[in-house]
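# Understanding the architecture of this molecule
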Amino acid sequence: MKQRKNGLYPGVSDELAENMTTGWADTELHGLEPIAQAAHTAARRAALSARFPGERLVVPAGNLKTRSNDTEYSFRASTEYAYLTGDQTEDGVLVLEPRGEGHVATIYLLPRSNRENGEFWLSGQGELWVGRRHSLAEAEQLLGIPAQDVRELAGKLSEATGPVRVVRGHDASIEAALTDKVTKERDEELRVFLSEARAVKDEFEIGELQKACDSTARGFEDVVKVLDKAQATSERYIEGTFFLRARVEGNDVGYGSICAAGPHATTLHWVRNDGPVRSGDLLLLDAGVETHTLYTADVTRTLPISGRYTEIQRKIYDAVYEAQEAGIAAVRPGAKYRDFHDASQRVLAEKLVEWGLVEGPVERVIELGLQRRWTLHGTGHMLGMDVHDCAAARTEAYVDGTLEPGMCLTVEPGLYFQADDLTVPEEYRGIGVRIEDDILVTEDGNRNLSAALPRQADEVEAWMASLQQS
């Protein structure tokens with residue numbers, strides 16, 4: 001076992017080593033019920049098997065990543081691995097071995113720490129240091145997949161024959177064992193398939209996304225209740241407040257929270273969250289709770305820190321709200337994916353022409369993309385286990401595709417007037433507004449999963465007042 005250079009104990013006596021091997025109770029768990037999504041993960045593996053018959057498929061969870069010296073970042077399993085197994089432990093690998101007309105799945109995991117050789121208390125990743133992990137037998141009961149020791153896998157893969165594909169970028173040792181057996185092009189086909197497979201959510205996934213949105217709504221309520229404390233400190237108070245809700249009710253935040261007050265709201269991904277929170281300014285809060293099964297919400301509200309929008313803030317806010325309403329109305333089965341973006345952008349372009357900020361007609365503005373100086377980004381994206389889900393999907397299946405029931409996407413138009421933008425009147429400068437909701441495509445239209453949070457300006461003000469009085 002690796003010793004720290006400046007550890008206080010230079011070694012282990014034979015007597016202590018022997019003592020540590022005895023006197024421990026049997027803690028093996030029996031009769032475990034399968035995890036809630038086990039039937040769904042089995043169906044996903046079956047679809048993967050059907051797509052790549054006769055090929056060995058390797059999907060790693062990934063490894064711990066060093067933050068500094070001997071401390072690691074919190075581990076988050078690769079989306080592909082968690083999607084196919086429901087497991088979230090580091091170093092895990094799912095392997096689908098071709099067998100007959102299908103595949104046999106095996107999940108390779110770290111077993112319980114060895115108590116005979118002292119690993120469990122001497123290794124930095126031993127169970128007395130980082131906590132108990134499931135035995136292979138326990139993992140089989142929970143996941144519904146035969147489990148083996150992952151430490152033996154690299155050797156097996158290096159000797160494997162026949163066509164192989166691996167999801168790259170997560171486990172260097174597994175990729176090294178397959179280096180002469182795989183190609184970048186074939187591996188990319190596997191990644192693309194798994195990305196597109198996640199586009200239509202099953203019943204379990206929809207339930208998890210709803211949980212994420214419900215927790216996120218409560219996190220936004222938490223923030224509104226402490227805006228006075230944020231004003232006394234900084235945006236970090238907002239970030240910490242929302243994070244508490246995410247950790248109590250979920251696994252984590254699904255992405256770095258954007259807690260952008262005042263002119264910081266014009267920076268699309270303001271995650272420094274170290275600026276002042278001032279009455280009279282707006283707070284653009286873009287945050288989402290990630291559930292214990294790794295499904296995330298992605299919601300934005302732009303709130304008046306004082307509790308009331310000023311005249312110019314409301315003017316801009318109402319324009320964004322109208323654009324979002326148009327975008328949400330365009331989300332329905334059979335519609336083109338781009339329709340909601342086009343609908344929202346048209347409204348914003350019309351407002352910019354109406355305000356005299358850009359020369360019309362509107363068709364010219366949209367054709368040339370002139371509104372983008374102030375709208376900046378696309379109006380949404382797929383949502384699921386990744387905040388920007390299905391990112392590796394083919395363009396023809398994603399942005400050039402058609403909406404289907406079960407797809408979940410964000411609708412999030414915005415207007416951003418930079419503090420140094422001399423092309424707009426001074427009263428606009430430093431104002432950024434975005435409104436974002438998570439929209440599920442249904443059989444007959446859509447459902448707003450984040451509807452628990454008000455969007456219309458009067459309703460936002462009333463909601464804030466009710467929370468701050470309670």
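Rules used throughout
Residues numbered from 1 in each chain as written. Predicted model: local features only at pLDDT ≥ 70, side-chain atom pairs only at ≥ 80, totals over all residues. Heavy atoms only, no water. Helix = DSSP H or I, 4+ residues; strand = E, 2+ residues; numbered from the N terminus. Buried < 20%, exposed > 50% of the residue type's maximum accessible area, 1.4 Å probe, protein only. Expected span 1.5 Å × (residues − 1). Contact = heavy atoms within 4.5 Å. UniProt positions renumbered as here; feature names shortened; annotations may be inferred. Salt bridge = Lys/Arg side-chain N within 4 Å of Asp/Glu carboxyl O.

Note on backbone geometry: most residues besides glycine have negative phi, and most peptide bonds are trans. Omega for the bond connecting Gly-360 with Pro-361 falls within 30 degrees of zero, at 5°, which places this linkage in the cis form. Along the chain, Pro-361 falls in the loop between α14 (339-354) and α15 (362-368). Positive phi is not limited to glycine here, since Asn-273 has a value of about 50°. On the basis of relative accessibility, which here comes to 0%, the residue Asn-273 falls in the buried class.

Compared with the 27 Å implied by 1.5 Å per residue over 19 residues, the 27 Å span of helix α13 (residues 311-329) between its first and last C-alpha is a close match. Turning to α13, its buried residues number three or more, namely Ile-312, Gln-313, Ile-316, Tyr-317, Ala-319, Val-320, Ala-323, Gln-324, Gly-327 and Ile-328.

The next thing to look at is the environment of Arg-186. Mapping Arg-186 onto the fold places it in helix α9 (residues 184-197). Along the backbone, Arg-186 and His-341 are 155 residues apart, and their C-alpha atoms lie at a distance of 33 Å. In contact with Arg-186, other than residues within four places in its own chain, are Glu-55, Pro-163, Val-164 and Arg-165.

Here we come to the UniProt feature "domain: Aminopeptidase P N-terminal" (unreviewed entry) in the protein chain. The positions UniProt marks with the feature "domain: Aminopeptidase P N-terminal" (unreviewed entry) are residues 35-175. Spanning residues 35-175, this segment combines 33% helix with 22% strand, and its end C-alpha atoms are found 29 Å apart.

Quick look at the pattern of salt bridges now. Tallied over the full model, the rule gives 36 salt bridges. The partner of Arg-151 in a salt bridge is Asp-149, with the nearest N and O atoms 3.0 Å apart. The network of salt bridges with common partners includes Glu-55, Arg-165, Arg-186 and Glu-189.

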